Amino acid sequence: MLTGNKGEWSEIYTLLKIISDKNLFAGDSDLNKIESLIFPIIKILRDESNGTYEYAYDSDLVIIKGNEEEFRIPISQFQEKAVLLLSKLKETTSATFSIPEIESFINSFNCVSLKAKSSVKSDIRIVIHDQRTGTTPELGFSIKSQLGGASTLLNAGKTTNFIYEIED
């Protein structure tokens, strides 16, 4: 059974929500959506413990390609599960918890972990179409959730080292 905290489950929520939206919106410095600046999503890449999975679109279906398998799931299922997961995240008060309905859904397309591997800098990579430049850049994102409280920009641990030099 998958268990995680709000921040870890938020990575799955972000995946489901972005897939169901099919667009990425730009934001301002206060995290407000800029309605007029929309980037259509070409595909989403997520590194799992069992390989990299690619999420792309074919009409109203999401095509998920893994190492040797391919899954075709209606976008409507991603929309339904994103709404369900967000409501669970908002109502849960436990430090760590499981959400069996979401776990069974993501397992159906071999998504087996809540968070990206710690060795990977980006939690999710998105290939967009920039209509202004005509390019299709691959953008990496680190997901930080505000649902459980203020997120940290830095995860402190044994490998987090700062060296300060005091002058004068």
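Per chain, the residues get numbers from 1 upward, laid out in the order the sequence is written. In view of the model being predicted, local features appear only for residues whose pLDDT reaches at least 70, and side-chain atom pairs are presented and counted only at 80 or more, with totals across whole chains, interfaces and linings using the full set of residues. Values shown for side chains rest on all heavy atoms present in the structure; no hydrogens or waters enter the calculation.

## Brief notes about the side chain of Ser-10
Note that Ser-10 resides in helix α1 (residues 6-21). Residues contacting Ser-10, with those up to four places away along its chain left out, are Leu-89, Ile-143, Ser-145 and Leu-147. Secondary structure counts use DSSP, requiring at least four H or I residues in a row for a helix and at least two E residues in a row for a strand, with both numbered from the N terminus. We call two residues in contact whenever any of their non-hydrogen atoms come within 4.5 Å of each other.

## Looking at the pattern of salt bridges
Any carboxyl oxygen of Asp or Glu within 4 Å of a side-chain nitrogen of Lys or Arg constitutes a salt bridge here. Overall, the coordinates contain ten salt bridges when judged by the stated rule. Notably, a salt bridge pairs Asp-21 with Lys-17, separated by 3.0 Å at the nearest N-O pair. A residue pair is termed a helical-turn pair when its members lie 3 or 4 positions apart in one helix, as Asp-21 and Lys-17 do in helix α1 at four residues. The salt bridge involving Glu-138 is made with Arg-125; its shortest N-O contact spans 3.2 Å. A residue pair is termed long-range when its members are at least 10 positions apart, and Glu-138 in strand β7 (residues 138-141) and Arg-125 in strand β6 (residues 124-128) qualify at 13 residues. What you see here is one network of salt bridges that share partners, running through Asp-47, Arg-125 and Glu-138.

## Comments concerning helix α3 (residues 100-107)
For the exposure calls, accessible area comes from a 1.4 Å probe over protein chains only, and a residue counts as buried if that area is under 20% of its type's maximum, exposed if over 50%, partly exposed in between. Among the residues of α3, those classed as buried are Ile-102, Glu-103, Phe-105 and Ile-106. Along the axis of α3, the buried positions cluster into a sector of 165°, meaning they face one direction only. Here the buried face of α3 lies against α1, β5 (70-74) and α2 (75-91). In this context, the arc is that of the directions from the helix axis out to the C-beta atoms.

## A few points about the packing of aromatic side chains
Where two aromatic rings form a pair, the distance of their centres and the angle of their planes describe that pair. Two aromatic rings, drawn from Phe, Tyr or Trp (for Trp, its six-membered ring), form a pair once their centres lie within 6.5 Å of each other, and the interplanar angle then sorts them: stacked below 30 degrees, edge-to-face above 60, tilted otherwise. Applying the stated criterion across every chain, the model contains five aromatic pairs. Taking 6.3 Å as the distance between ring centres and 15° as the angle between the ring planes, the aromatic pair formed by Trp-9 and Phe-97 counts as stacked. With Trp-9 in helix α1 and Phe-97 in the loop between α2 and α3, this residue pair connects regions lying 88 residues apart in the sequence. Look at NZ for Lys and CZ for Arg. If either is within 6 Å of the ring centre and within 35 degrees of the ring normal, a charge sits over the ring. The ring of Tyr-57 carries Lys-22 above its face, with NZ or CZ at 5.3 Å from the centroid. Just above the ring of Phe-25 sits the side chain of Lys-33; from NZ or CZ to the centre is 4.4 Å.

## Overview of the pairing of β6
Within β6, four of the five residues are buried, leaving the element largely enclosed by the surrounding structure. Pairing between two strands requires that DSSP report at least two bridges joining them. In terms of strand pairing, β6 meets β7 through four bridges, oriented antiparallel. Residue pairing across strands places Ile-126 opposite Leu-139, the latter belonging to β7.

## Quick look at the nonpolar core
Among buried residues, the Ala, Val, Leu, Ile, Met, Phe, Trp, Tyr and Cys ones that are joined through side-chain atoms within 4.5 Å form a nonpolar core. Ranked by internal contacts, the top residues of the largest apolar core, which has 37 residues, are Trp-9, Ile-44, Tyr-55, Ile-64, Phe-78, Leu-85 and Phe-109. For this core, the leading source of residues is α1, giving seven residues. Not counting residues up to four positions away in its chain, the partners in contact with Trp-9 are Leu-2, Thr-3, Gly-4, Leu-85, Leu-89, Phe-97, Ser-98, Ile-99, Ile-102 and Leu-114.

## Focus on the packing of α1 against α2
Axis angle and axis distance: for two packed helices, these are the angle between their axes and the distance between the axes, and together they describe the pair. Axis geometry follows a simple rule: fit a line to the C-alpha atoms, using only the stretch in contact for helices, then measure angles between N-to-C directions, giving values from 0 to 180 degrees. Their axes nearest at 8 Å, the elements α1 and α2 cross at an angle of 150°. In terms of orientation, α1 lies roughly antiparallel with respect to α2. Here the hand of the crossing between α1 and α2 comes out left-handed. Residues Lys-6, Trp-9, Ser-10, Ile-12, Tyr-13, Leu-16, Lys-17, Ile-19 and Ser-20 of α1 lie in contact with α2, whose contacting residues are Ile-75, Phe-78, Gln-79, Lys-81, Ala-82, Leu-85, Leu-86, Leu-89 and Lys-90. Classifying every residue of the contact of α1 with α2 by side-chain character gives eleven nonpolar, three polar and four charged. Reported orientations rely on four angle classes, namely roughly parallel under 35 degrees, roughly antiparallel over 145, roughly perpendicular from 65 to 115, and oblique for the rest. Crossing handedness follows the turn of the near helix against the far one: under a right angle anticlockwise gives a left-handed crossing, and clockwise gives a right-handed one. Any residue outside Ala, Val, Leu, Ile, Met, Phe, Trp, Tyr, Cys, Pro, Asp, Glu, Lys and Arg is labelled polar, Gly included; the first ten of those are nonpolar and the last four are charged.

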